[in-house]
Amino acid sequence: MTAYCISVTGLNDSGEPKTFTNIAITSGPRQEVIEGLPPDADSRITQVGNFERHALGTRRVTGRPVIDYGVIQLDSSDGGLDELELLGTDGQEVLILRAPDTESVLANFSTYFKGTVGAAPYANGNISLHIRNRQAEVADLPLSTEKYAGDNALPAGVEGVADDIGGSYKPVWLGLCENVPVPLVNTSRHIFQLSSNDAIAVTGTEPSAVYDSAVEITATKVQKMVWADFIGATGPSGELWWYAGAEGWFIRLEAAPAGTVAVTAQEGGLATTAQLVKRMLVARGVSSGSIAGDTALDAANPETVGYWAGLNEITIGEALGDILEGVVGTWTDDRSGTFTLARLEIPAETPDHIFYRDQINREGGEGFRIVATEEPGSPVPVSEVSVFYRKAWHTQTGDELDVNAPESQKAFVAKEYRQSRTDNSGVLVKHITAAPHEHRSLFTNKTDADTAGARLVALFGVRRFIVEIDLSTEDAATVLLFQTISIPIGRFDFDTRNFRVIGIVDVLDTQTAASKTTLILWG
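Residues numbered from 1 in each chain as written. Predicted model: local features only at pLDDT ≥ 70, side-chain atom pairs only at ≥ 80, totals over all residues. Heavy atoms only, no water.

Caption draft 1: View of the overall build of the protein. Along the protein, the regular secondary structure elements total eight helices and 31 strands. Reported as C-alpha extents along the three principal axes, the dimensions of the protein are approximately 85 × 70 × 35 Å. Per-residue burial for the protein yields a buried fraction of 54% across its 523 residues. Within the protein, contacts between residues separated by at least 24 positions form 70% of all contacts whose residues are at least 6 apart in sequence. Accessible surface, the protein: about 21700 Å² in total, of which carbon and sulfur atoms supply 49%. Here the protein holds 41 positive side-chain charges and 69 negative ones, and the gap between their average locations is 6 Å. (Helix = DSSP H or I, 4+ residues; strand = E, 2+ residues; numbered from the N terminus. Buried < 20%, exposed > 50% of the residue type's maximum accessible area, 1.4 Å probe, protein only. Contact = heavy atoms within 4.5 Å. Areas by Shrake-Rupley, 256 points an atom, 1.4 Å probe, with all protein chains shown as cover. Lys, Arg positive; Asp, Glu negative; His and termini not counted. Charge placed at Lys NZ, Arg CZ, Asp CG, Glu CD.)

Now the structure itself:
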């Protein structure tokens, strides 16, 4: 059996924290005092925790990462935890520590789970702590933290008015983006905003191109170094002004445009997939030291990408999902609460863990299952990969285009993406239902998209199995997402086929039942 310690914090009406380590006691028959626990420690754990952790969603190898979840149940039939129910536990930290049941010193317990509490309903004598991994701390926060006040006293101001952009989110621009429909923030002085500089630190640069109805404005671009000069009564004459500073990133035109103003520019901050993700997380209070995997992901995907969020609300989770989707990546956290950036890879030749037939938990049958999914390659390989790249952040057709716009620009803005195709039609010999797979990315050129297409064919252009295998929690306790697993169990070709871990489902032991961990594998 295993000893567990559960710690949860709640806030009172004054925002003062109280940590309930006294609701942490061992499971199993041994109930002696553990050194390091408060003297009022009590045995109230009825369910240590059911928790699911997935790299890209349940049985998924594509798409956006999702917040993982679980439940801890605590006995409060005698009202002993009524105070906990009355405190504010939502969003507060919860820890699950574990050790062999022979361990008697709390300091020797290891962290098995670190996350936050969602709801804490009560029923039939139990408080159920709904626990979530650390993604929940930031995933639902808006990417932009500023909204336009809508209080311009024209001709002054850069906050719009109530009847146009007032109340809308201010844009955020990171990396390289093309044909971005920048909002008009001052109609009298023809000032447009590319990005705020509050939610995330942005390094504004000279725009590569500014278009009016898909016709490039050829006026000389001049950087204004002083904010008061940029927004002053005297505007540009024969020039296009741009400004970047604490107030944000802006352009100012000489006259009112004929139609939609769109900008192409390379923001000056670090702009790889990993660095965009890291910049967003750090901006939302995640310390750099709590983020792992960025160096490896940078090495694997050093390409420049870009992201722009406009006037509507975009959450951190949505933005990170959009950025990571192109590299089949995730931003989940490990058991200790460290955010981990990683991408799906072909299983390594040398496994991180090997599990043999006699280690399988057979309480529910054979203890392993091949599951049916609609994921590419599982079970049917893809016959072609189309990578969508070089996004036009605003598409334009018909009346939005000036008759003098060059045909090349008309063609570019007519479609949201370009496509790079990689053939894999040879699989149709064996898999007659194999179909093309479309994959969206933020890559900015065809070379990067072609490289991604070849990688996706290697991932999904061969038959892949998604397998669930049931093990004891003790055996699986050190397994991490995306590690390579070998299961030489004498079935199918599994003795020679390695797998990546794409999901971990824990049912931790209670007073009466043994623990079980189900690994969801891909390979």
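Caption draft 2: Seen up close, helix H6 (residues 407–414). All of the buried residues along H6 are Gln409, Phe412 and Val413. Buried residues of H6 fall within an arc of 90° about the axis and therefore sit on the same side. Tucked into the core, H6 has its buried residues touching strand E9 (172–180), strand E12 (209–212) and strand E26 (418–423). (Arc of directions from axis to C-beta.)

Caption draft 3: Structural view of the nonpolar core. If you look at the biggest cluster of nonpolar residues, it comprises 90 residues, and the most contacted ones within it are Trp173, Ile251, Met280, Tyr307, Trp331 and Ile487. The leading source of residues in this core is helix H7 (residues 446–460), at six residues. Of all hydrophobic cores here, the second largest spans 23 residues; its members include Ile45, Val48, Ala120 and Ile131. (Core = buried A, V, L, I, M, F, W, Y, C linked by side-chain atoms within 4.5 Å.)

Caption draft 4: A look at the pairing of strand E28 (residues 466–471). Most of E28 sits inside the fold, with six of its six residues counted as buried. Alternating positions in E28 separate into two faces, Ile466, Glu468 and Asp470 on one and Val467, Ile469 and Leu471 on the other, with burial throughout. As defined by bridge partners, strand E24 (residues 368–370) adjoins E28 across three bridges and the pair is classed as antiparallel. The residue of E28 that forms the bridge with phenylalanine 368 is isoleucine 469. Pairing geometry for E28 and strand E31 (residues 516–522), over six bridges, is antiparallel. For leucine 471, the partnering residue across the bridge sits in E31 and is threonine 517. (Pairing = 2+ DSSP bridges.)

Caption draft 5: Region of the structure containing the packing of helix H3 (residues 273–283) against helix H5 (residues 316–325). One way to put it is that H3 packs onto H5 with a least axis distance of 10 Å and a crossing angle of 170°. What the angle tells us is that H3 and H5 run roughly antiparallel. Residues Thr273, Leu276, Val277, Met280 and Leu281 of H3 pack against Ile316, Ala319, Leu320, Ile323 and Leu324 of H5. Residues that form the contact of H3 with H5 fall into these classes: nine nonpolar, one polar and no charged. (Axes fitted to C-alpha atoms, helices over the stretch in contact; angles between N-to-C directions. Parallel < 35°, antiparallel > 145°, perpendicular 65-115°, else oblique. Nonpolar A, V, L, I, M, F, W, Y, C, P; charged D, E, K, R; others polar.)

Caption draft 6: Main features of the sheet that holds strand E25 (residues 384–389). Ordered in space as E26-E25-E27, the three strands form an open sheet in which the pairing is mixed. In this open sheet, the two strands that pair with only one neighbour each are E26 and strand E27 (436–440). Taking each pair of neighbouring strands and ignoring which way they run, the sheet shows an average axis angle of 20°. When E25 meets E26, the two strands line up antiparallel, connected through six bridges. Bridge pairing in E26 places glutamate 384 opposite aspartate 423.

Caption draft 7: Structural view of the environment of threonine 111. Residue placement: threonine 111 occurs in strand E6 (residues 110–117). For the pair threonine 111 and arginine 98, spaced 13 residues apart in sequence, the C-alpha to C-alpha distance is 6.6 Å. The contacts of threonine 111, once residues within four sequence positions are left out, are Leu95, Ile96, Leu97, Arg335 and Ser336.

Caption draft 8: Molecular detail of the packing of aromatic side chains. For the structure shown, the criterion picks out 14 aromatic pairs. Residues tryptophan 331 and phenylalanine 339 carry aromatic rings whose centres are separated by 6.0 Å and whose planes lie at 15° to one another, so their mutual orientation is stacked. There is no split in this pair, since tryptophan 331 and phenylalanine 339 are both buried. Among the aromatic residues, those joined into a ring-pair cluster are Trp227, Phe230, Tyr243 and Phe250. Above the ring of phenylalanine 388, the side-chain terminus of arginine 440 is found at 5.1 Å from the ring centroid. (Phe/Tyr/Trp six-rings, centres within 6.5 Å; stacked < 30°, edge-to-face > 60°. Lys NZ or Arg CZ within 6 Å of the ring centre and 35° of its normal.)

Caption draft 9: The arrangement of the side chain of threonine 315 in detail. Within the secondary structure, threonine 315 is located in the loop between strand E19 (306–309) and H5. Among the polar contacts listed, one links the side chain of threonine 315 to the backbone oxygen of alanine 139, at a separation of 3.5 Å. Apart from the residues lying within four places of it in its own chain, the contact partners of threonine 315 are Ala139, Asp140, Leu141, Pro142 and Leu143. (Polar contact = N/O pair within 3.5 Å; in protein donor to acceptor, adjacent residues only side chain to side chain.)

Caption draft 10: Representation of the confidence of the model for the protein. Of the residues in the protein, 96% reach a pLDDT of 70 or more, and the chain-wide mean stands at 93. Across residues 24–31 the pLDDT falls below 50, and counting only partners more than four positions away or on other chains, this stretch makes 33 contacts in the model. (pLDDT = per-residue confidence, 0-100.)

Caption draft 11: Summary view of the environment of aspartate 298. Relative to the assigned elements, aspartate 298 resides in helix H4 (residues 294–300). When the C-alpha atoms of aspartate 298 and leucine 341 are compared, they prove to be 9.8 Å apart, with 43 residues separating the residues in sequence. Residues contacting aspartate 298, with those up to four places away along its chain left out, are Thr272, Ala274 and Gln275. Here glutamine 275 takes part through its side chain, which lies 2.7 Å from a polar atom of the side chain of aspartate 298.

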